[in-house]
Amino acid sequence: PHMENQGVILDNEAYFVFPHYTSKFQENGRLNSKVISYRTFNPHALTHEVKSNFVLAEDEIFASFDFKALELYVLAYLSNDPNLNTMLYNTCHPYEQIAQYVLDLNNFQDRNYKDLGKKIFLQAIYGISSVKLAESLDCSIYESQNALRKTKKLFEKAFLYVEQQKAQAENYGYCFDYFKRKKSFNAEDSYKAMNFCVHSPAAVFCFMKMNE
């Protein structure tokens, strides 16, 4: 059975336990799960030791699912960025494509291109500086500046969307996600709205799919 809806049996107590999600999401809008009683468990921390305490039928196994590049798909929908939308429906992995578009891959021949693209895009879209990006990619400042410039130019509408959310937080102290969930920000934390506006609707989307 699907543990989100039907629970799993705890071996030593012989009763059902369930994951519990709080209505208050994490700071960046992602799902927040806590152990609030003996009848709950945290599905985000299912170690082998924890899973060994559960009783499963012979034809049941634990399976986890991952939505490929979920943040890219959500941001593409929210911003209606034409280049991002086009790229997502190519056959190559989207993060690999980003690395190919914005880096001189001759300088990164021994690196995983998908990981490089993910590091560049996600950190860039959430406001990283060229200095910090250079440290993250282990490259020169010149190369990180060039990568940021190309990324922002290529996905101009996506960057405009998150910048608008940041401006909303700066000017009013709050912003709304796509589902009209409001989050307040201190002046010094307004940049976090760039992260929240993508992660929060993505988390709601995950909730909807888990319920299905």
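For the structure, check the block above.
A brief report on the enclosed structure follows. (Residues numbered from 1 in each chain as written. Predicted model: local features only at pLDDT ≥ 70, side-chain atom pairs only at ≥ 80, totals over all residues. Heavy atoms only, no water.)

Positionally, S129 belongs in the loop between α6 (113-125) and α7 (130-137). Look at S129 and you get partly exposed, because its relative accessible area is 35%. (Helix = DSSP H or I, 4+ residues; strand = E, 2+ residues; numbered from the N terminus. Buried < 20%, exposed > 50% of the residue type's maximum accessible area, 1.4 Å probe, protein only.)

On to helix α9 (residues 156-172), then. The terminal C-alpha atoms of α9 lie 24 Å apart, and with 17 residues this matches the ideal 24 Å at 1.5 Å per residue to within 8%. Looking only at α9, the buried set comprises A158, F159, Y161, V162, Q165 and A169. Looking straight down α9, one finds that the buried residues subtend no more than 160° of arc, so they occupy a single side. Of the residues in α9, the exposed ones pointing more than 90 degrees away from the buried face are E156, N171 and Y172. Note on α9: the residue one or two positions beyond its end, G173, has a positive phi of about 85°. (Expected span 1.5 Å × (residues − 1). Arc of directions from axis to C-beta.)

Right, let's get into the sheet that holds strand β3 (residues 40-41). One open sheet accounts for 4 strands, arranged β3-β2-β1-β4; its pairing is mixed. The sheet is open, and its two borders are formed by β3 and β4 (54-55), each paired with just one other strand. Across 2 bridges, strand β2 (residues 15-19) lies against β3 in parallel orientation. Among the inter-strand pairings, P19 is bridged to a residue of β3, identified as F41. (Pairing = 2+ DSSP bridges.)

With that settled, consider the packing of aromatic side chains. Under the defined criterion, the tally for this structure stands at 13 aromatic pairs. Their ring planes at 75° and their centres at 5.5 Å tell us that Y15 and Y38 sit as a pair that is edge-to-face. Here Y38 lies in the loop between β2 and β3 and Y15 lies in strand β2, a separation of 23 residues in the sequence. Judged by centre distance (5.4 Å) and plane angle (90°), the ring pair of F121 and F155 falls under edge-to-face. Separated by 34 residues along the polypeptide, F121 in helix α6 and F155 in the loop between α8 (141-154) and α9 bring together distant segments of the chain. Each member of the pair F121 and F155 is classed as buried. Through pairs of rings, three or more aromatic residues link up here, namely F67, Y73, Y89 and F205. Its end group placed over the ring of Y174, K182 keeps NZ or CZ at 4.3 Å from the ring centre. One residue, K183, lies across the ring of F185, its end atom 5.7 Å from the ring centre. (Phe/Tyr/Trp six-rings, centres within 6.5 Å; stacked < 30°, edge-to-face > 60°. Lys NZ or Arg CZ within 6 Å of the ring centre and 35° of its normal.)

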